[in-house]
Amino acid sequence: MTHTLPLPDFTHERVEVITGRRSGLFITVALHSSVLGSALGGARLWTYPHWSDALGDALRLSAAMTLKNAAAGLDAGGGKSVIALGPGETLDHERRRAAFLDLGDAVESLHGLYRTAEDVGSTTEDMLVVSERTEHVVGLPDAVGGSGEPAGPTSLGVYESLRATLERVAGSGGVAGRRITISGLGQVGGRLAVRLAAEGAALTITDVNPAKRDLALDLGAAWAVPGEEHLVPADVFVPAGIGGLLTDDVIDALDAKAVCGPANNPLADRSGAARLAGRGILYAPDFVVNAGGVIYLDLEAKHLGSRGEIMERVAAIGDTVRRIFDEAEARGVTPLEAAEGLAAERLGRGAREHSLA
């Protein structure tokens, strides 16, 4: 489901918009910031009502990547790329390959300022196609010596964040018996559902794809009608699909103690953070919670530690969430403001170092 949102403020260093010469598709690469280093952010293949919606998505997502990478302590800036399909449009094998070759050309045009990776709608195999046109791509398949699918590390970071969130709203981080609703059962949401079910959580799950209902049956989870899942009483509501789900109306009706999930930009408007706080609902900022994949990809690409050490770094996202909750409480601000402050502090140091270089 795509939630049409207004264009954000333009604070980007550079944005490339092309019509792919092979595919004929709208493709954009948004470089938000390279203050901390070469930007890193995935390539999204998605359906949009209009090309301007795809552009807006890239602008929002790339800005979120700047915050995500900074808060995660990475030497990486923020960027994102989007390949847009029109309503009802599908790709056969040849045109899909053409689209990712076109993306590779667009990424190469930034001369290393932006590195791409798989994202919603794209795969590690698609990244292998991109690599035919540029070396500035990470997350290639394991079979060719790449780091592979980052959904596992992302899911681990979300799990540890959820445990930190449960500590605040339920008294302990144990998930057994806790009521958890997951909205969106893609690579990350699906993995998280399987793990939580195995640990005894009282799960409610949903997805816009009705075929995903089979997962509910397999896990013994309740199935919610898409669009009504926020009405199910829960300890934690987990947005795990496309952004913009938490509109004012949804927040006002949300029956949960907390929100913690991997969806990028789940708040339809930044003011939603204060709206959640006003209702006493704890919010774990998305760009902190879902940073596991980008931590994994960046450190793997730079050979900064063994896989075991990198996964320990991913698991430490839970401690970052705890720090943000503490900071928010101490300062009397929302967790979103505290997380943005953490990122801004690091970006400020990076900017000063650049100015002295």
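All of these numbers come straight from a predicted model, not from anything done at the bench. (Residues numbered from 1 in each chain as written. Predicted model: local features only at pLDDT ≥ 70, side-chain atom pairs only at ≥ 80, totals over all residues. Heavy atoms only, no water.)

Student: Just to check I follow, could you spell out the overall build of the chain for this structure?
Tutor: In terms of helices and strands, the chain carries 13 helices and 12 strands. In summary, the chain has a C-alpha radius of gyration of 19 Å against a globular reference of 21 Å for 357 residues, a match within 12%. In terms of its C-alpha atoms, the chain occupies a principal-axis envelope of roughly 50 × 50 × 40 Å. By residue count, 55% of the 357 residues in the chain fall in the buried class. Put simply, of all contacts in the chain between residues at least 6 apart along the chain, 66% involve residues at least 24 apart. In the form shown here, the chain has an accessible surface area of approximately 14,500 Å², with 52% of it arising from carbon and sulfur atoms. Mean positive and mean negative side-chain charge positions of the chain (33 and 47 charges, respectively) differ by 2 Å. (Helix = DSSP H or I, 4+ residues; strand = E, 2+ residues; numbered from the N terminus. Rg over C-alpha atoms; globule rule 2.2 N^0.38 Å. Buried < 20%, exposed > 50% of the residue type's maximum accessible area, 1.4 Å probe, protein only. Contact = heavy atoms within 4.5 Å. Areas by Shrake-Rupley, 256 points an atom, 1.4 Å probe, with all protein chains shown as cover. Lys, Arg positive; Asp, Glu negative; His and termini not counted. Charge placed at Lys NZ, Arg CZ, Asp CG, Glu CD.)

Student: It is not clear to me how the layout of surface pockets should be interpreted in this structure. Could you clarify?
Tutor: If a probe the size of a water molecule is rolled over the atoms, the empty space left behind becomes visible. Here the second largest pocket is characterised by a volume of approximately 690 Å³. Along the wall of the second largest pocket there are 24 residues; nearest its centre are Pro 8, Arg 60, Ala 63, Asn 265 and Arg 270. When grouped by side-chain class, the residues that make up the lining of the second largest pocket number 13 nonpolar, 5 polar and 6 charged. (1 Å grid on protein atoms, 1.4 Å probe; cavity = no way out; pocket = protein on both sides within 12 Å on 5 of 7 lines; lining within 4 Å. Points joined across faces, edges and corners; volume = space filled by probe spheres on them. Nonpolar A, V, L, I, M, F, W, Y, C, P; charged D, E, K, R; others polar.)

Student: What should I look at first to understand the pattern of salt bridges in this one?
Tutor: Any two side chains of opposite charge can pair, so long as their charged atoms come close to each other. In the structure shown here, the tally under the stated rule is 27 salt bridges. Between Arg 275 and Asp 248 there is a salt bridge, and its shortest N-O distance comes to 3.7 Å. Note that Arg 275 is positioned in helix H8 (residues 272–278) and Asp 248 in helix H7 (residues 248–253), a separation of 27 residues in sequence. On the accessibility criterion, Arg 275 (33% relative accessible area) is partly exposed. Relative accessible area serves as the criterion here: at 33%, Asp 248 is assigned to the partly exposed category. (Salt bridge = Lys/Arg side-chain N within 4 Å of Asp/Glu carboxyl O.)

Student: Got a minute to help me understand the packing of aromatic side chains in this structure?
Tutor: The geometry of an aromatic ring pair is captured by two quantities: the separation of the ring centres and the angle between the planes. Taken as a whole, this structure holds 1 aromatic pair when the rule is applied. For the ring pair Phe 26 and Trp 51, a centre distance of 5.8 Å and an interplane angle of 35° mean the geometry is tilted. Residue Phe 26 is located in strand E2 (residues 26–33), and its partner Trp 51 is located in helix H1 (residues 51–71); the two are separated by 25 residues in the primary sequence. The class for Trp 51 is partly exposed, based on a relative accessible area of 48%. Across from the ring centre of Tyr 159, 3.6 Å away, lies the NZ or CZ of Arg 195, which sits over that ring. (Phe/Tyr/Trp six-rings, centres within 6.5 Å; stacked < 30°, edge-to-face > 60°. Lys NZ or Arg CZ within 6 Å of the ring centre and 35° of its normal.)

Student: Would you explain the pairing of strand E10 (residues 234–239) in this entry?
Tutor: Along any regular strand the residues' side chains alternate between the sheet's two faces. Within E10, 6 of the 6 residues are buried, which leaves it mostly tucked inside the rest of the structure. Alignment of strand E7 (residues 179–183) against E10, held across 4 bridges, turns out to be parallel. What sits directly across from Ser 183, in E10, is Pro 239. Here E10 pairs with strand E11 (residues 256–259) via 3 bridges, running parallel. Across the sheet, residue Val 236 finds its bridge partner in E11, namely Ala 258. Handedness of the β-α-β unit built from E10, H7 and E11 comes out right-handed. (Pairing = 2+ DSSP bridges. Right-handed = clockwise from strand over helix to strand, strands pointing away.)

Student: Just checking my understanding: could you explain unusual backbone geometry for this structure?
Tutor: Note on backbone geometry: most residues besides glycine have negative phi, and most peptide bonds are trans. Despite not being glycine, His 111 has its phi angle at roughly 55°, a positive value. The exposure class assigned to His 111 is exposed, which follows from its relative accessible area of 65%. Here the phi dihedral of Asn 265 falls at roughly 50°; this positive angle occurs in a residue that is not glycine. By the secondary structure assignment, Asn 265 is in the loop between E11 and H8. A residue is classified by how much of its surface remains accessible, and Asn 265, at 19% relative accessible area, is buried.

Student: Would you mind going over helix H12 (residues 317–331) with me for this structure?
Tutor: What sets the pattern is the α-helix's 3.6 residues per turn: residues three or four places apart point alike. Taking 1.5 Å of rise per residue, the 15 residues of H12 would be expected to cover 21 Å, and the 21 Å separating its terminal C-alpha atoms lies within 8% of that figure. The complete set of buried residues in H12 reads Ile 317, Gly 318, Val 321, Arg 322, Ile 324, Phe 325 and Ala 328. Buried residues of H12, viewed axially, fall in a sector of 160°; they line one side. Those residues of H12 that are exposed and aimed more than 90 degrees away from the buried face are Arg 323 and Ala 330. Just downstream of H12 lies Gly 332, where phi reads positive at about 70°. (Expected span 1.5 Å × (residues − 1). Arc of directions from axis to C-beta.)

Student: Can you walk me through the pairing of strand E1 (residues 14–19) in this structure?
Tutor: Where E1 lies against E2, 6 bridges are found, and the strand directions are antiparallel. By the bridge assignment for E2, Arg 14 is matched with Leu 31. Linking two consecutive strands that pair antiparallel, namely E1 and E2, is a turn of 6 residues; a positive phi of about 75° is found at Gly 24 within it.

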